[in-house]
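Overview (structure and organization)
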Amino acid sequence: MSPDEPFRELDRDECRELLKQGELGRLATAVGGEPDIFPVNYYSDGQSILLRTAPGTKLLELTVHDVVAFETDGFTDDEAWSVVVHGRARELERQQEIADAERAPLRPWIPTLKYRWVHIDIERLSGRKFLRLAEPDRW
């Protein structure tokens, strides 16, 4: 990247690595033509995404329509990045899946009980990295 080309597309491996480093993202759902976005903390092994949640709108929407988008991003003083995932979400129901999920390093950020686990299978993955530069002169 350079000031003349201040962004670039990330390849699949770079996207997976950035997903693994993140902790906070946004889950996008759409039910009945109405989009919703939920901030969530998450864990990713680079192959899938794991969320904890409580019963409510988010979980209900996932059971009605399992196609979701997920986005996470980050930045330093010099650059920023964004990774977008498209996939299918499902609530974990089998005891072995739940036991495996409970071993993941994923804890709620706020003191609430979140005992439902959601797994997102990654179907499409894309990302961009940007240089953080001053805005160019307009005139």
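Details of the structure are given in the entry above.
In short, a report on the structure.

Thresholds, definitions, all that
All chains use their own residue numbering, which begins from 1 and follows the written sequence. Local features in a predicted model are, by the rule used here, given only for residues with pLDDT of at least 70; side-chain atom pairs are given and counted only at 80 or more, and totals for whole chains, interfaces and linings are based on all residues. Excluding hydrogens and water, the side-chain figures rest on all heavy atoms present in the structure. A pairing counts as a salt bridge when a side-chain nitrogen of Lys or Arg comes within 4 Å of a carboxyl oxygen of Asp or Glu. What counts as a helix is a DSSP run of H or I of at least four residues, what counts as a strand is a run of E of at least two, and both are numbered from the N terminus. Only protein chains enter the accessibility calculation, which uses a 1.4 Å probe. A residue is then buried if its area is under 20% of the maximum for its type, exposed if over 50%, and partly exposed in between. Whether two residues touch is decided by their heavy atoms; if any such pair falls within 4.5 Å, the residues are in contact. For this analysis, a polar contact is any N or O atom pair within 3.5 Å, provided that within protein one partner can donate a hydrogen and the other can accept it, and provided that sequence-adjacent residues contribute only side-chain to side-chain pairs.

Okay, the pattern of salt bridges next. Across all of its chains, the model carries 12 salt bridges by this definition. One salt bridge in this structure joins glutamate 71 and arginine 26, with 2.4 Å as the shortest N-O distance. Residue glutamate 71 is located in strand 5 (residues 67-75), and its partner arginine 26 is located in strand 2 (residues 24-31); the two are separated by 45 residues in the primary sequence. Under the relative-accessibility criterion, arginine 26 is labelled partly exposed at 27%. Measuring nitrogen to oxygen at the nearest pair gives 3.4 Å for the salt bridge that ties glutamate 79 to lysine 129. Here lysine 129 lies in strand 7 (residues 116-131) and glutamate 79 lies in strand 6 (residues 79-91), a separation of 50 residues in the sequence. In this structure glutamate 79 comes out as partly exposed when scored by relative accessible area, which is 26%. Relative accessible area serves as the criterion here: at 16%, lysine 129 is assigned to the buried category.

You can see arginine 132 is positioned in the segment after strand 7. With 49 residues separating them in the primary sequence, arginine 132 and valine 83 have C-alpha atoms 17 Å apart. Once you skip the residues sitting within four places of it in the chain, arginine 132 turns out to touch Phe75, Thr76, Asp77, Asp78, Glu79 and Ala80. Within polar-contact distance, the side chain of arginine 132 engages the backbone oxygen of threonine 76 at 2.8 Å.

That is the geometry; function is a separate question.
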